[in-house]
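An overview of the molecular structure
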Amino acid sequence: MPSPRRLVVEVGNSRWKAGLFPEKASRGGPPEPVATLRVAHADDPAPQLRAFLAEHAPHGAAAPAVWSGVNPAGAAALLAAWPTDCGPPPIELPRAALNRLIANGARQPERVGADRLLNALAAAALAPAGCEFAAVADCGTATTIDTVRLPAHPLSAGDRPEFLGGAILPGIVLCARALHAHTAQLPEVSFTEDAPADGRDTEAAIRFGVLEMQAAVVDRLLGGWAEGTAFQILTGGAAGLTVDRLRRCEPHLAPHLTLTGLFLAARDL
Ligand SMILES: Nc1ncnc2c1ncn2[C@@H]1O[C@H](COP(=O)(O)OP(=O)(O)OP(=O)(O)O)[C@@H](O)[C@H]1O
Ligand SMILES: CC(C)(CO)[C@@H](O)C(=O)NCCC(=O)O
Ligand SMILES: [K+]
């Protein structure tokens, strides 16, 4: 019988994401999901979750599944529609559990989004030994660019990573939507890998402007913090569209960073 897999679910503002992780930690490097799923809140979760688990956890996932997130209404809807033939609905990662794993240097620590703290936790696991700081850009509905002080002695129980705060700005879709909502002539555009963003028509000019704006902020903050010595990580749904436009920094791409942070925290429950 293969080792069981742990299901974790992160509830974002536009989508929820699930990750299946091997229950037993592999030696070397932070845990990576064996499979992931991204579903828009507007979609019925049941069919996609059933198909995902049937394919990637045919012997059932280890209980309990754990969720965390920044969108209480989205989480309530997901839990209400959870197909119980897939196992009991996930339990919420208690904030206290997260607080045990990561110190929080924010002025109002309880207001910091769990996704930002989970990213910081995963960044600390991912950063090479000897780094003093990590910086994480997460390009989602909102984009966040945060810094983390890394523990000098990761194996000593009292030495935790510390979330230091950062920037919150609109993600690429929100930027484009705001242009459409507040102008007479600008259309709503979508961002796909093959849609032109070369500025040669109205849609392409909006994509060009918005993507360059995101990349410029990521470049400036990720590349600038701690004089560029922080370990730099890029994640989120729009990371792939952003990375090629960076000029100054070459961040480590970690598409499932938040899920890795959630698995680390869930494993510690
Ligand atoms: N297939 C795709 N290719 C490129 N970019 C995408 C794709 N799907 C979504 N995006 C972009 O990713 C962003 C959403 O990212 P992500 O899935 O990380 O966050 P989310 O669930 O929308 O929000 P949250 O920040 O709350 O987690 C949007 O800006 C969207 O344009
Ligand atoms: C900033 C977002 C929207 C990013 O997903 C989320 O982390 C959030 O709602 N945070 C609450 C405010 C804060 O983190 O300070
Ligand atoms: K996010």
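None of these values were measured; they are calculated from a predicted model.

All right, on to the site of ligand 1 then. Around ligand 1, a shell composed of 15 residues is seen, among which Asn13, Lys17, Arg38, Thr141 and Gly237 lie nearest. One of the side-chain nitrogen or oxygen atoms of Ser14 is found 3.2 Å away from an oxygen atom of ligand 1. One of the backbone nitrogen or oxygen atoms of Ala238 is found 3.2 Å away from an oxygen atom of ligand 1. Alone, ligand 1 offers 620 Å² of accessible surface; in the complex the protein occludes 82% of this. Using a 2 Å cut-off from the grid points, one finds that ligand 1 occupies the second largest pocket. At the level of secondary structure, the elements contributing two or more residues to the shell around ligand 1 comprise β2 (15-22) and α5 (172-181). Here the residues of the shell around ligand 1 sort into five nonpolar, seven polar and three charged. The residue makeup of the shell around ligand 1 includes at least three contributed by each of domain 1 (5-92) and domain 2 (110-263).

What follows deals with the UniProt feature "binding site: substrate" (unreviewed entry) in the chain. Per the UniProt record, "binding site: substrate" (unreviewed entry) is found at Gly113, Ala114, Asp115, Arg116 and Thr202. Of the residues just listed, which span 90 residues, the most distant C-alpha pair is 37.1 Å apart, and they do not cluster in one region. As for the annotated residues named above, the ones lining the second largest pocket are Gly113, Asp115 and Arg116. In this structure, Gly113 sits in the loop between β6 (103-104) and α4 (114-126). Sequence-distant contacts of Gly113, defined by excluding residues within four places in its chain, comprise Val70 and Arg95. Those residues in contact with Thr202 that lie beyond four places of it in its chain are Leu186 and Pro187.

Another point: the pattern of salt bridges. In the structure shown here, the tally under the stated rule is eight salt bridges. As a salt-bridge pair, Arg149 and Glu162 come within 3.1 Å of each other at their nearest N and O atoms. Here Arg149 is found in strand β8 (residues 142-149), whereas its partner Glu162 is found in strand β9 (residues 162-170), with 13 residues between them in sequence. The class for Arg149 is partly exposed, based on a relative accessible area of 37%. With relative accessibility at 23%, the residue Glu162 sits in the partly exposed group.

Definitions and limits used
- Residues numbered from 1 in each chain as written.
- Chains lettered and ligands numbered in written order.
- Predicted model: local features only at pLDDT ≥ 70, side-chain atom pairs only at ≥ 80, totals over all residues.
- Heavy atoms only, no water.
- Near = heavy atom within 4 Å.
- Polar contact = N/O pair within 3.5 Å; in protein donor to acceptor, adjacent residues only side chain to side chain.
- Areas by Shrake-Rupley, 256 points an atom, 1.4 Å probe, with all protein chains shown as cover.
- 1 Å grid on protein atoms, 1.4 Å probe; cavity = no way out; pocket = protein on both sides within 12 Å on 5 of 7 lines; lining within 4 Å.
- Sits in = over half its atoms within 2 Å of the grid points.
- Helix = DSSP H or I, 4+ residues; strand = E, 2+ residues; numbered from the N terminus.
- Nonpolar A, V, L, I, M, F, W, Y, C, P; charged D, E, K, R; others polar.
- Domains from an automatic or database assignment.
- UniProt positions renumbered as here; feature names shortened; annotations may be inferred.
- Contact = heavy atoms within 4.5 Å.
- Salt bridge = Lys/Arg side-chain N within 4 Å of Asp/Glu carboxyl O.
- Buried < 20%, exposed > 50% of the residue type's maximum accessible area, 1.4 Å probe, protein only.

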